[in-house]
Amino acid sequence: MTSRGKPAYWDAASAFLAGTDPVLGGLVATYAGMHLSRRSDPFTTLARAIVGQQISVQAAQAIWERFAAASAATASPPRLDPARVAVLAAPTLRGVGLSERKGTYLRDLAGHFCSGALDPSGWPALDDEALIDALCDVKGIGRWTAEMFLIFHELRQDVLPLDDIGLQKAIALHYFRGRRRARSTLERLGRRWRPYRSVATWYLWRSLDPIVVEY
């Protein structure tokens, strides 16, 4: 599969969900021809997620472009070298608009890749929870960020990000007449979507925002 190719499971997952859940059946029909895709390498993707935390999309893009330039990123879109990021000085990071805390997070992420503590070659052997645990060992990466990475970059097919506000909103809208429900209720609803909960989540996100997200 190419970086922008359709996941191998996508068509089977869409057919399964359409036949299992009438709500998703409608969404599968509405968004036919659209699918998950990824755009970069693991380190660059995680670094970009950290840069974008708790700021607007516009601010994140501006800071990211300056950070990529300071890191001597190669290719388009940029690909960062962990070894270069690991040695960036604090004043350099502040100069591109990063807070001291985010600078610390990025250097910690780079250190995990340089040391092999995070080694993408070994990730296929890890189940979802084990990979989430490994990612959450990095400063600045919590469960939600790790789950987004598993869905959008690793293309894992059965992740259900229960703490995601968009998913909560979409479930309330489509299943409970706009009323938010407890996490346990969402978890029970998600059981019918196994083993394709990532795909169900993606379609529910699309119902709120039809623009395809790449991570």
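The following refers to the structure shown. (Residues numbered from 1 in each chain as written. Predicted model: local features only at pLDDT ≥ 70, side-chain atom pairs only at ≥ 80, totals over all residues. Heavy atoms only, no water.)

**Remarks on the overall build of the chain**
Stated precisely, the cut-off is as follows: Helix and strand definitions follow DSSP, with helices as H or I runs of at least four residues and strands as E runs of at least two, each counted in order from the N terminus. Each residue is assigned to one of three classes by its accessible area relative to the maximum for its type, calculated with a 1.4 Å probe on protein chains only: buried under 20%, partly exposed between the two thresholds, exposed over 50%. We call two residues contacting when some pair of their heavy atoms lies within 4.5 Å. For the accessible areas, the method is Shrake-Rupley and the probe is 1.4 Å, while residue cover comes only from the protein chains on display. Residues scored as charged are limited to Lys and Arg (positive) and Asp and Glu (negative), so that His and the chain ends carry no count. Taken as the charge location is NZ of Lys, CZ of Arg, CG of Asp or CD of Glu.
If you tally the helices and strands in the chain, you get 12 helices and 0 strands. Going from the N terminus to the C terminus, the chain shows its helices and strands as α-α-α-α-α-α-α-α-α-α-α-α. Taken along its principal axes, the extent of the C-alpha atoms in the chain is 55 × 35 × 30 Å. Burial status across the chain gives 46% buried among its 215 residues. Within the chain, contacts between residues at least 6 apart in sequence are counted, and of these 68% link residues at least 24 apart. With an accessible surface of roughly 10500 Å², the chain has 52% of that area assigned to carbon and sulfur atoms. With 27 positive and 21 negative side-chain charges, the chain shows a separation of 7 Å between the mean positions of the two kinds.

**Overview of helix 3 (residues 42-51)**
Where we set the bar: Here a polar contact means two N or O atoms within 3.5 Å. Within protein one must be a hydrogen donor candidate and the other an acceptor candidate, and residues neighboring in sequence count only if both atoms are side-chain atoms.
The buried fraction of helix 3 is high, at 9 of 10 residues. Of all the positions in helix 3, only Pro42, Phe43, Thr44, Thr45, Leu46, Ala47, Ala49, Ile50 and Val51 are classed as buried. Tucked inside the fold, the buried residues of helix 3 contact helix 4 (57-70), helix 5 (82-86), helix 7 (100-115), helix 8 (128-136) and helix 9 (143-152). Two to three positions downstream of the cap, the backbone nitrogen of Phe43 sits 3.3 Å from a side-chain oxygen, assigning the N-cap of helix 3 to Asp41.

**Brief notes about the nonpolar core**
Here is the rule: For this analysis, a nonpolar core means a set of buried residues of the types Ala, Val, Leu, Ile, Met, Phe, Trp, Tyr and Cys, connected via side-chain atoms within 4.5 Å.
Core analysis: the biggest nonpolar cluster contains 60 residues, and Leu24, Phe67, Leu109, Leu135, Trp193, Tyr203 and Leu204 have the highest contact counts within it. Residues in contact with Leu109, not counting those within four places in the same chain, are Phe43, Leu46, Ala47, Ile50, Leu118, Val138 and Ile141.

**Overview of the pattern of salt bridges**
Note the cut-off: Salt bridges are defined by distance alone: a side-chain nitrogen of Lys or Arg within 4 Å of a carboxyl oxygen of Asp or Glu.
Inspection of the entire model under this criterion finds 8 salt bridges. A salt bridge links Arg143 to Glu147, with the shortest nitrogen-to-oxygen separation between them at 2.8 Å. Taken together, the residues Arg143 and Glu147, both in helix 9 and 4 residues apart, mark about one turn of the helix.

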